[in-house]
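What follows is the residue order along each chain.
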Amino acid sequence: KAEMSGNDSISQEGNGKVSRVIRMGTRKSQLARIQTDSVAGRLRELYPDVHLEIVAMSTIGDKILDTALSKIGEKSLFTKELENALERNEVDIVVHSLKDLPTSLPPGFTIGAILQRENPHDAVVLHPKNAGLTLDSLPERSVIGTSSLRRAAQLKKRFPQLEFENIRGNLNTRLKKLDEKDDYAAIILAAAGLKRMGWESRISQILGPEDCMYAVGQGALAVEVRAQDKDILEMVSVLHHPDTVLQCISERAFLRQLEGGCSVPVAVHTEVKGSMLYLTGAVYSLDGADCLKDTMQTVVEIDNKVSESAQECVHVGVTANSVSSSALEAAEKLGMDLANALLNKGAKDILTTARKLNDAR
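Just so it is clear, the model here is predicted, and its values are computed rather than measured.

Caption draft 1: Examining the overall build of the chain more closely. Assigned secondary structure in the chain consists of eleven helices and 16 strands. The buried share of the chain, reckoned over its 361 residues, is 53%. Considering only contacts within the chain whose residues lie at least 6 apart along the sequence, 71% involve residues at least 24 apart. Accessible surface, the chain: about 15700 Å² in total, of which carbon and sulfur atoms supply 49%.

Caption draft 2: Layout of the sheet that holds strand β10 (residues 203-207). In spatial order, the strands read β8-β7-β9-β6-β10; together these five strands make up an open sheet with mixed pairing. Looking at strand neighbours, the two that pair on one side only are β8 (163-165) and β10, the edges of this open sheet. Geometrically, the sheet is characterised by an average inter-axis angle of 30 degrees between neighbouring strands, direction not taken into account. Docked against the sheet, helix α5 (residues 149-158) engages β6 (122-126), β8, β9 (186-190) and β10, running at close to 125 degrees with respect to β9. Contacting β6 and β9, helix α6 (residues 171-180) crosses the sheet at an angle of about 165 degrees to β9.

Caption draft 3: Focus on the sheet that holds strand β12 (residues 266-273). Spatially, β12-β13-β14 is the arrangement adopted by the three strands of the open sheet, whose pairing is antiparallel. Sheet topology places β12 and β14 (291-299) at the edges, where each strand pairs with a single neighbour. With direction set aside, neighbouring strand axes in the sheet form an average angle of 10 degrees. Sheet strands touched by helix α9 (residues 242-258): β12 and β13 (276-284). Its angle to β12, the strand with the most contacts, is close to 150 degrees.

Caption draft 4: Summary view of the packing of aromatic side chains. All chains considered together, the criterion is met by zero aromatic pairs. Positioned above the aromatic ring of tyrosine 278 is the side chain of lysine 273, whose terminal nitrogen or guanidinium carbon lies 5.4 Å from the ring centre.

Caption draft 5: Looking closely at the pattern of salt bridges. Taken as a whole, this structure holds 20 salt bridges when the rule is applied. Aspartate 231 is the partner of arginine 20 in a salt bridge, and the nearest nitrogen-oxygen pair spans 2.7 Å. Taken together, the positions of arginine 20 in strand β2 (residues 18-27) and aspartate 231 in helix α8 (residues 230-237) put the pair 211 residues apart, joining distant regions of the chain. Across the pair arginine 158 and aspartate 136 runs a salt bridge whose closest N-O atoms are separated by 3.9 Å. Separated by 22 residues along the polypeptide, arginine 158 in helix α5 and aspartate 136 in the loop between β6 and β7 (143-145) bring together distant segments of the chain. When its relative accessible area of 34% is taken as the criterion, arginine 158 is described as partly exposed. Each member of the salt-bridge network shares a partner with another, and the members are Arg23, Asp92, Arg226 and Asp229.

Caption draft 6: Quick peek at unusual backbone geometry. Phi at arginine 141 takes a positive value of approximately 65 degrees, unusual for a residue other than glycine. Residue position: arginine 141 is located in the loop between β6 and β7. According to the relative accessible area criterion, arginine 141 is exposed, its value standing at 57%. Non-glycine residue valine 316 carries a positive phi angle of around 40 degrees. Secondary-structure assignment places valine 316 in the loop between β15 (314-315) and β16 (318-319). Valine 316 sits in the buried class, given a relative accessible area of 2%.

Caption draft 7: Seen up close, the side chain of aspartate 211. With respect to the secondary-structure elements, aspartate 211 resides in the loop between β10 and β11 (221-226). In this structure aspartate 211 comes out as buried when scored by relative accessible area, which is 11%. A distance of 2.6 Å separates the side chain of aspartate 211 from the side chain of arginine 158, its partner in a polar contact. With residues up to four places along the chain from it excluded, the contact list for aspartate 211 reads Gln154, Leu155, Arg158, Phe159 and Gln205.

Caption draft 8: Structural detail: helix α1 (residues 30-46). The end-to-end C-alpha separation of α1 is 25 Å, in line with the 24 Å expected for 17 residues at 1.5 Å each. Of all the residues in α1, the buried ones are Leu31, Ala32, Gln35, Thr36, Val39, Ala40 and Leu43.

Caption draft 9: Broad picture of the environment of leucine 31. Note on placement: leucine 31 falls in helix α1. Among the residues examined, leucine 31 registers a relative accessible area of 17% and is labelled buried. Taking the C-alpha atoms as reference, leucine 31 lies 7.3 Å from arginine 196; in sequence the two are 165 residues apart. Dropping the residues within four chain positions of it, leucine 31 is found in contact with Leu171, Gly193, Arg196 and Met197.

Caption draft 10: Region of the structure containing the environment of alanine 152. Along the polypeptide, alanine 152 turns up in helix α5. Take alanine 152: its relative accessible area is 10%, and that puts it in the buried class. In the structure, alanine 152 is positioned 14 residues away from asparagine 166 in sequence and 9.2 Å away in space, judged by C-alpha atoms.

Caption draft 11: Highlighting the confidence of the model for the chain. In this model, the chain carries a mean pLDDT of 88, and residues with pLDDT of at least 70 account for 85%. Predicted confidence in the chain is weakest over helix α3 (residues 69-72), with a mean pLDDT of 49, and strongest over β6, with 98.

What counts, and where the lines are drawn
- Residues numbered from 1 in each chain as written.
- Predicted model: local features only at pLDDT ≥ 70, side-chain atom pairs only at ≥ 80, totals over all residues.
- Heavy atoms only, no water.
- Helix = DSSP H or I, 4+ residues; strand = E, 2+ residues; numbered from the N terminus.
- Buried < 20%, exposed > 50% of the residue type's maximum accessible area, 1.4 Å probe, protein only.
- Contact = heavy atoms within 4.5 Å.
- Areas by Shrake-Rupley, 256 points an atom, 1.4 Å probe, with all protein chains shown as cover.
- Pairing = 2+ DSSP bridges.
- Axes fitted to C-alpha atoms, helices over the stretch in contact; angles between N-to-C directions.
- Phe/Tyr/Trp six-rings, centres within 6.5 Å; stacked < 30°, edge-to-face > 60°.
- Lys NZ or Arg CZ within 6 Å of the ring centre and 35° of its normal.
- Salt bridge = Lys/Arg side-chain N within 4 Å of Asp/Glu carboxyl O.
- Polar contact = N/O pair within 3.5 Å; in protein donor to acceptor, adjacent residues only side chain to side chain.
- Expected span 1.5 Å × (residues − 1).
- pLDDT = per-residue confidence, 0-100.

Shown next as structure tokens:
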């Protein structure tokens, strides 16, 4: 494209062709690098003339490793520095785990692509000495490591014979803590991260929805861009996976309507079957004893009425002009309706108590 925004670098190739340089920001952790490289790979296949440069940086969430995430109280823990770089035009694209992105993005940013979801469920990784066991068969009072209030609340209720303790750090650190010490019998991690790291062999059990529902957006990668960069928005939009987009928009709308975040136990499960989108959502007390849960569905006919208007529609931070606008609206409404149904049953009290208890810890 001829029009370039101020800070775009253009490199002159030997053959006289001018090619655009696009900079991708990423966290320094190994998983973040792998995720960014996988998106870069897709973009290189689609746009062979574009030069992609990868810029790695540390975030607050990477620096504060000794505190439970839910205690730090910073909504944009893993995203702030990356967004600052995006705002200052130091990078053009940032790849995130969608579950790290707050349901309301700062003004000027949007999610320009949500890629096809990896397995969204949680996985049990056992200490080598417990090989072959499951959460059901581990000895009583075994200690399970998880820093997620959502996982702990559901699993305490489902496996009352086990103990749950905090474990922080990136994937490498957590696995190291598990293997090299005797503190934990097992830890709970997202299956998607383990698969992307090539550590699938460590997964001893995948937790289905009856044991543990997942976090909003879990398993999906999101590409964040400046909202006014129309050419970059258009470029990354081909990465959108329509079913994943609809699932994640309904999940994010559910969470936003509940005003949930890192510091409260909220869990979801979504499925697209034919033209139906099913959303199950739940809120829990910290010990899992109180739970409100419900399932709703809506029709998401993929008509081809794509948003043509100049005024682009943004749904819970996501710009998806390539996906049917009526389907996007239905998905967002489903999430809001389900949240309102739970709020009418008293979800607010459960969440307020959970937040207060967590703050007091």
